[in-house]
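Here's the letter readout for the chains.
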Amino acid sequence: MLITQEYPWQATLFAQWMQAGQSRHHALLLHGKTGIGKLAFARAMAAALLCLQPEHGHACGQCQSCHWLSEGAHPDFREITPEDEDSAEGSKKKTRKRQQILIDQIRALHDYLSLSSHRVEGMRVVLIHPLEAMNVAASNALLKLLEEPPQRTQFLLVSHQRQALLPTILSRCMQVEMPVPSESQGLQWMQLQGIAQPEWLWHYSGGAPITVLQDDLDWYAWYQQFQPHLRRGAEVDVVAAVPVLIKQGMEAAIQVLQKWLLDVWLSCHQQPLRYHPSEAAALQGLAGRVQLSRLLAFQQQLNRFKMTAQHPLNQELQLEQLLLQYKKIFEDKPNK
Ligand SMILES: [Zn+2]
């Protein structure tokens, strides 16, 4: 864990929660859209709570506790997230992240919390993310812990989809809506990080730039590779486009299509573009040829696909079929 600092747009909230001290709720549910830095906030808070010599409410980065955290080996800290599992794909072995937090992980947490903390008067911090990844059994096991919280234990629960959580869990937490960066805060922060193409990233991430940064991938370079394919509309070369689009996995490919189609739709209705402001001319060209009913049906298909798309096999084939659908929405528009 390297990040022990919250993002600038979170500074006020961070200070408030750190100052709350004893009056802080034992379970904070940090919720909000993906990519605004909720997890970093939770980790920074964990570090500050555990730090032996915090400076102005922040972790010092120097003490034994901060050192343990950075090594991922703090005895009074547990971070729970879906675990990796090995799967075989053809002859290749692959490691993937599971989709769910399993009950065994929460049972292990019970065992851990039944022991006393490492430091006699010290805090323990439990960070769970994303909370909606817990299946029902795991949720119910967690509920018991939230109902009868162990002493001096802070739960930090991170969720991108609060609506997917059980009401019983919600009722046991203090819900904290996480702030989103304003455009100037976001751009300023990206410039300080030395990020290339900050304005492009700001728009393409929908004002939530953190997700894009967490990958090692150069998003802008990838965008420049796939974008020419999408621009071709009915003339898209499916065979050439699939390997480019699938590079970051099926979920990312679907997201790329969804963002592009939303802007096609906006362009049809002469609305300001959301993700591709620099593609106005190309989008207008496509908007002139699109069949709106097919566009809407395809968008719905993508939404459904996203919900069910955990199939590890044949992703290329699936994407190929989606791109054939994509072609069709720009074909044979009847003359008015
Ligand atoms: Zn420290």
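The name that an unreviewed UniProt entry assigns to the protein is DNA polymerase III subunit delta', with the source organism given as Methylophilus glucosoxydans. Taken from UniProt, the Catalytic activity (unreviewed entry) comment for the protein reads in full: "DNA(n) + a 2'-deoxyribonucleoside 5'-triphosphate = DNA(n+1) + diphosphate".

A. Layout of the domain arrangement of the protein. By domain assignment, the protein separates into domain 1 (8-177) and domain 2 (215-328). Here the C-alpha centre of domain 2 lies 35 Å away from the C-alpha centre of domain 1.

B. Seen up close, the packing of aromatic side chains. Evaluated as defined, the whole model comprises 15 aromatic pairs. Where Y7 meets W9, the ring centres are 5.1 Å apart and the plane angle is 5 degrees; that geometry is what we call stacked. You can call Y7 buried: its relative accessible area is 10%. Assessed through its relative accessible area of 7%, W9 is described here as buried. For the ring pair Y220 and Y223, a centre distance of 6.3 Å and an interplane angle of 20 degrees mean the geometry is stacked. Placement of the pair is Y220 and Y223 together in helix α10 (residues 219-231), with a separation of 3 residues, close to one helical turn.

C. Seen up close, the pairing of strand β6 (residues 153-159). Counted residue by residue, β6 has 7 buried out of 7 residues, so it is predominantly covered. The alternating pattern of β6 places T153, F155, L157 and S159 and Q154, L156 and V158 on opposite faces, both of which are buried. Relative to β6, strand β1 (residues 27-31) runs parallel, the two being bridged by 5 bridges. Residue pairing for β6: L30 is matched across the bridge by V158. Here strand β5 (residues 124-128) pairs with β6 via 5 bridges, running parallel. In the sheet register, R124 faces β6, and the bridge partner there is T153.

D. Expanded view of the packing of helix α12 (residues 250-268) against helix α15 (residues 315-328). Between α12 and α15, whose axes approach to 11 Å, the crossing angle comes to 10 degrees. In terms of their interaxial angle, α12 and α15 are classed as roughly parallel. Residues M250, A253, I254, L257, W260 and L261 of α12 form the contact with α15, whose participating residues are Q315, Q318, L319, L322, L323 and Y326. Along the lines of polarity and charge, the residues of the contact of α12 with α15 split into 10 nonpolar, 2 polar and no charged.

E. The arrangement of the packing of helix α4 (residues 103-114) against helix α5 (residues 136-147) in detail. α5 packs onto α4 with a crossing angle of 20 degrees between their chain directions and a minimal axis gap of 8 Å. Accordingly, the angle class assigned to the pair α4 and α5 is roughly parallel. Note on packing geometry: the crossing formed by α4 with α5 is left-handed. Here α4 contributes I103, I106, L109, H110 and L113 to the contact with α5, which in turn contributes A137, A138, A141, L142, K144 and L145. Tallied by class, the residues present in the contact of α4 with α5 amount to 9 nonpolar, 1 polar and 1 charged.

F. Fine view of the environment of T168. Mapped onto the secondary structure, T168 falls in helix α6 (residues 167-170). Take T168: its relative accessible area is 40%, and that puts it in the partly exposed class. Residues T168 and L143, spaced 25 residues apart in sequence, show a C-alpha to C-alpha distance of 7.4 Å.

Rules of the game
- In every chain, residue numbers begin from 1 and rise along the written sequence.
- Reporting of local features is limited, given that this is a predicted model, to residues whose pLDDT is at least 70; pairs of side-chain atoms are given and counted only at 80 or more, and all residues count toward the totals for whole chains, interfaces and linings.
- Only hydrogens and water are removed before side-chain values are computed, so all heavy atoms of the structure are retained for them.
- UniProt positions are given in the numbering used here, feature names are shortened, and annotations may be inferred rather than shown by experiment.
- All the domain ranges listed were derived from an automatic or database domain assignment.
- Any Phe, Tyr or Trp ring, taking Trp's six-membered ring, that has another such ring centre within 6.5 Å forms a pair; planes under 30 degrees apart are called stacked, those over 60 apart edge-to-face, and the others tilted.
- Type-normalised accessible area, obtained with a 1.4 Å probe on protein chains alone, sets the label of each residue: buried when under 20%, exposed when over 50%, and partly exposed for intermediate values.
- Strands are runs of DSSP state E lasting at least two residues, helices are runs of H or I lasting at least four, and both sets are numbered from the N terminus onward.
- Following DSSP output, two strands are said to pair if at least two bridges run between them.
- As a rule, the C-alpha atoms of each element are fitted with a line to give its axis, helices using only the stretch in contact, and angles between N-to-C directions run from 0 to 180 degrees.
- Put simply, angles under 35 degrees are roughly parallel, angles over 145 are roughly antiparallel, angles from 65 to 115 are roughly perpendicular, and the rest are oblique.
- Throughout, a contact is declared for two residues whenever any of their heavy atoms are within 4.5 Å.
- Three residue categories are used. Nonpolar comprises Ala, Val, Leu, Ile, Met, Phe, Trp, Tyr, Cys and Pro, charged comprises Asp, Glu, Lys and Arg, and polar comprises the others, including Gly.
- Crossing handedness is read from the near helix: turned anticlockwise from the far helix by less than a right angle, it gives a left-handed crossing, and turned clockwise, a right-handed one.

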